[in-house]
Amino acid sequence: MTGAALPGPDGRLRCPWGLATEDYTAYHDAEWGRPVHGDDALFERLCLEAFQSGLSWLTILRRREGFRAAFAGFRIAEVARFTEADRERLLADPGIVRNRAKIDAVLANARIAAGWEPGELDALVWSHAPDPAGRPAPRTLADVPAATPESAALSKALKKRGFRFIGPTTAYALMQACGLVDDHLADCCARGPRPVP
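Residues numbered from 1 in each chain as written. Predicted model: local features only at pLDDT ≥ 70, side-chain atom pairs only at ≥ 80, totals over all residues. Heavy atoms only, no water.

Per an unreviewed UniProt entry, the protein goes by the name DNA-3-methyladenine glycosylase I and belongs to Streptomyces glaucosporus.

Here it is, written out as structure tokens:
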């Protein structure tokens, strides 16, 4: 069966992508699909997913600490105060992906989110989590969608508030990464009940 869970070196079944590299295995087992809460934590994931657009997630994963250092740990209030000098610094930083449009989107999104009430980004994102009871566990990678009606609604809600670089596919990647959905394959060792937010 193409795209089904595969045994890793430890004999445990995993999503096939989680076996591609040690970096992927660690991320797959410990983070991907686990519930993430908090405005800054969700802002980080949103920014990283936007930077990933058109690139391999491994590229982003291996530069994650560089991104965190460059963007003040993705603390919204601090990023919102970045100046033109900070923007130029980011555009010259080899530790991140130096894409002008994506950097500008992070800065603009931070300025928007900085004006929200504490917990508002968390509440907005999690309000789009689908009912897990209505989502059967995917058996193969072919069963995992690239976008869903919920991710389209999340994208629309964020864009309505002024956010950039958050289309339905990026929004769905955020939902997968932050545990709003559990897209670990049915036989994957990392699949499990997610705590109620």
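## Examining the packing of helix H9 (residues 149–160) against helix H10 (residues 168–177)
What counts is decided by this rule: Axis angles are defined between N-to-C directions and span 0 to 180 degrees, where every axis is a line fitted to C-alpha atoms and, for a helix, only to the segment in contact. For helices the rule is a DSSP run of H or I covering at least 4 residues; for strands it is a run of E covering at least 2, with both sets numbered from the N terminus onward. To sort the angles, those under 35 degrees are grouped as roughly parallel, those over 145 as roughly antiparallel, those from 65 to 115 as roughly perpendicular, and the leftovers as oblique. Contact definition: two residues touch when any of their heavy atoms are within 4.5 Å. Residues are sorted three ways: Asp, Glu, Lys and Arg are charged, Ala, Val, Leu, Ile, Met, Phe, Trp, Tyr, Cys and Pro are nonpolar, and all the rest, Gly among them, are polar.
In contact at an axis separation of 8 Å, H9 and H10 are set at 110° when each is read in the N-to-C sense. With respect to their mutual orientation, H9 and H10 come out roughly perpendicular. The residues of H10 that touch H9, namely those facing Glu150, Ser151, Ala152, Leu154 and Ser155, are Pro168, Ala171, Tyr172, Leu174 and Met175. Residue composition of the contact of H9 with H10, by class: 7 nonpolar, 2 polar and 1 charged.

## Side note on the nonpolar core
Defined as follows: Within this scheme, the nonpolar core is defined by two criteria: the residues are buried Ala, Val, Leu, Ile, Met, Phe, Trp, Tyr or Cys, and they are joined through side-chain atoms within 4.5 Å. Relative accessibility thresholds used throughout: buried, under 20% of the residue-type maximum; exposed, over 50%; partly exposed, between the two (1.4 Å probe, protein chains only).
Core analysis: the largest hydrophobic core is formed by 50 residues, its most contacted members being Phe67, Phe71 and Leu158. In terms of residues, this core owes the most to one element, helix H2 (residues 39–52), which gives 6 residues. In this structure, leucine 158 is in contact with Leu46, Trp116, Leu121, Leu124, Phe163 and Ile166, ignoring residues within four places of it in sequence. By size, the runner-up hydrophobic cluster in this structure holds 5 residues, among which are Ala5, Leu185, Cys188 and Ala190.

## Here's the deal with the environment of glutamate 150
Along the polypeptide, glutamate 150 turns up in helix H9. With relative accessibility at 29%, the residue glutamate 150 sits in the partly exposed group. Sequence separation between glutamate 150 and arginine 45 is 105 residues; the distance between their C-alpha atoms is 17 Å.

## Concerning the pattern of salt bridges
Which entries qualify depends on this criterion: Salt bridges, as used here, are contacts in which a Lys or Arg side-chain nitrogen is within 4 Å of a carboxyl oxygen on Asp or Glu.
All chains considered together, the criterion is met by 19 salt bridges. A salt bridge links glutamate 44 to arginine 64; the shortest N-O distance between them is 3.5 Å. Taken together, the residues span a long stretch of sequence, with glutamate 44 in helix H2 and arginine 64 in helix H4 (residues 64–70) at a distance of 20 residues. Of the two residues examined, glutamate 44 and arginine 64, each falls in the buried class. A single salt-bridge network, built from bridges that share partners, covers Glu31, Glu44, Arg45, Arg64, Glu65 and Arg68.

## Brief notes about helix H1 (residues 22–30)
Turn by turn, an α-helix covers 3.6 residues, leaving residues three or four places apart pointing in a common direction. Residues of H1 that are buried include every one of Tyr24, Thr25, Tyr27 and His28, and no others. In the core, the buried residues of H1 are packed alongside strand S2 (13–14), helix H3 (57–62), H4 and H10.

## Topic: the packing of aromatic side chains
Just so we agree on the cut-off: Aromatic pairing here means that ring centres of Phe, Tyr or Trp (its six-membered ring) are within 6.5 Å. Orientation follows from the plane angle: under 30 degrees is stacked, over 60 is edge-to-face, and everything else is tilted. A ring has a charge above it when a Lys NZ or an Arg CZ is no more than 6 Å from the ring centre and no more than 35 degrees off the ring normal.
Under the defined criterion, the tally for this structure stands at 10 aromatic pairs. Aromatic pair phenylalanine 71 and phenylalanine 74: ring centres 5.4 Å apart, planes at 20°, arrangement stacked. The residues phenylalanine 71 and phenylalanine 74 share a single accessibility class, namely buried. Relative to phenylalanine 82, the ring of phenylalanine 71 lies with its centre 6.5 Å away and its plane at 10°, an arrangement referred to as stacked. You can see phenylalanine 71 sitting in the loop between H4 and helix H5 (76–80) and its partner phenylalanine 82 sitting in the loop between H5 and helix H6 (84–91), a full 11 residues away along the chain. Grouped by ring-pair contacts, the aromatic residues Phe43, Phe51, Phe67, Phe71, Phe74 and Phe82 constitute a single cluster. Lying over the aromatic face of tryptophan 116, arginine 161 brings its terminal NZ or CZ to 4.1 Å of the ring centre.

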